[in-house]
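Here is how the chains run, residue by residue.
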Amino acid sequence: MRAGGMVSCSPLIIHDFLTYLRLERGLAKNTLLAYQADLEKFCAFLKEEKRGMDPEQANREEIRDFIGFIHTSGLTDRSQARILSGLRAFYHFLKVEGRVALDPMEIIDAPKIGKYLPVVLSMDEVARMLESIDLSHPQGHRNRAILEVLYGCGLRVSEVIFLRLSDLFFKEAFIRVRGKGSKERLVPIGQPAIRAVELWLQQRRLALVAKSGQDIVFLNHRGAPLSRQMIFLVIRAQARVAGISKTISPHTLRHSFASHLLENGADLRIIQQLLGHESILTTEIYTHLDASKWQASILEFHPRRG
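Along each chain, residues carry numbers from 1 onward, in the same order as the chain's sequence is written. In keeping with the predicted nature of the model, local features appear solely for residues at pLDDT of at least 70, side-chain atom pairs appear and are counted solely at 80 or more, and the whole-chain, interface and lining totals rest on all residues. Hydrogen atoms and water are omitted, and side-chain values are computed over all heavy atoms in the structure.

Draft legend 1. Spatial organisation of the nonpolar core. Working definition of a nonpolar core: buried Ala, Val, Leu, Ile, Met, Phe, Trp, Tyr and Cys residues. They are joined through side-chain atoms within 4.5 Å. With a 1.4 Å probe rolled over the protein chains alone, any residue whose accessible area is under 20% of its type maximum counts as buried; one over 50% counts as exposed, and the rest are partly exposed. Counting 50 residues, the largest nonpolar core has Met129, Ile175, Val197, Phe218 and Ile231 as its most contacted members. The secondary structure listing takes helices from DSSP runs of H or I that are at least 4 residues long and strands from runs of E that are at least 2 residues long, numbered from the N terminus. Among the elements that take part in this core, helix H6 (residues 140-153) stands out by supplying 7 residues, more than any other. With 31 residues, the next largest nonpolar core counts Tyr35, Met53, Phe66 and Tyr91 among its residues.

Written out as structure tokens, the structure reads:
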């Protein structure tokens, strides 16, 4: 069975729920879109497997059937956990709004997920990527600046896309970043990244700039803001040129930034602030990355490793 087609959820309910998440929890647009897609998947399941049942009518039995469906659909444990997290928020909203008397999610256990350790690059691999960029290429300086900012400042790809000229404070060696929930933070920027961005800006001043890109730092060849997909393709292509076989994304450079800071003795609280994490628990994953490295060293060099 493949859940799809028309959903049984009222568009108004979905709209109200997403508005609640945005206003009450301050969730970012991408998170809202993920919750919307997950909720539509649930509604499609109810339509096809439960004869068009509305979410307000669903009980624990329907929820458990849906959990079984997503468990066998090839989704990762983390994706399954995210879907259930969205359903918990959805039914909490329905109960608060008085649309359901009982919350069917109250006694549903979330699936146990394994420890997820993100892919990171070594400092040598980052250097190889940066040095492999052809600066004679029309977009060479732009791509070099994007990589320098992603790695040098630990930004999310969305934060790079919407980085504005008015957010650059190079004299003070800071940039202003708008993160999740439109929260702002100041992030230090090193001289290599500053030089790379300044070289790109020299080219940018000579290029045609669309109205939508007037205050945006990184632009495509039409003078408009870059898309997430474009930056993803730039990173993947440069990794291939640099001979890096790891499957990476723009977020890999953010992970590498945090991991290398921790390796070199930075305080975890400082890394949390630089990354814009609301909870220190999110940042603590990098302590597991660091631990996995010294564990590998012990297994490689300890005389009793065999």
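Let's pick the thread back up.
Draft legend 2. Structural context of the pairing of strand S3 (residues 184-188). Burial of S3 is one-sided: the residues Arg185 and Val187 facing one way are buried, the residues Glu184, Leu186 and Pro188 facing the other way are not. Note that strand S2 (residues 174-178) and S3 share 5 bridges and pair antiparallel. Bridging from a neighbouring strand, Val177 pairs with Arg185 of S3. Two strands qualify as a pair provided that DSSP identifies no fewer than 2 bridges between them. The hairpin turn running from S2 into S3, its antiparallel successor, is 5 residues long, and Gly181 in that turn takes a positive phi close to 65°.

Draft legend 3. Quick peek at the packing of aromatic side chains. Between the rings of Phe, Tyr and Trp (Trp by its six-membered ring), a pair exists once the centres lie within 6.5 Å; its type follows the angle of the planes, with under 30 degrees stacked, over 60 edge-to-face, and the other angles tilted. Taken as a whole, this structure holds 9 aromatic pairs when the rule is applied. When the ring of Phe17 is compared with that of Phe90, the centres are 5.2 Å apart and the planes differ by 80°; the resulting orientation is edge-to-face. Taken together, the positions of Phe17 in helix H1 (residues 11-25) and Phe90 in helix H4 (residues 77-96) put the pair 73 residues apart, joining distant regions of the chain. Per residue, the accessibility class of Phe17 equals that of Phe90, and both read buried. Grouped by ring-pair contacts, the aromatic residues Phe17, Tyr20, Phe42, Phe45, Phe66, Phe69, Phe90, Tyr91 and Phe93 constitute a single cluster.

Draft legend 4. Local environment of the pairing of S2. Side chains Ile175 and Val177 of S2 all project onto a buried face; the interleaved residues Phe174, Arg176 and Arg178 project onto a face where none is buried. As judged from the 2 bridges shared by strand S1 (residues 168-169) and S2, these two strands associate in the antiparallel manner. Along S2, the bridge assignment pairs Leu168 with Ile175. Here S1 hands over to S2 after 4 residues, with Ala173 in that stretch at a positive phi of 60°.

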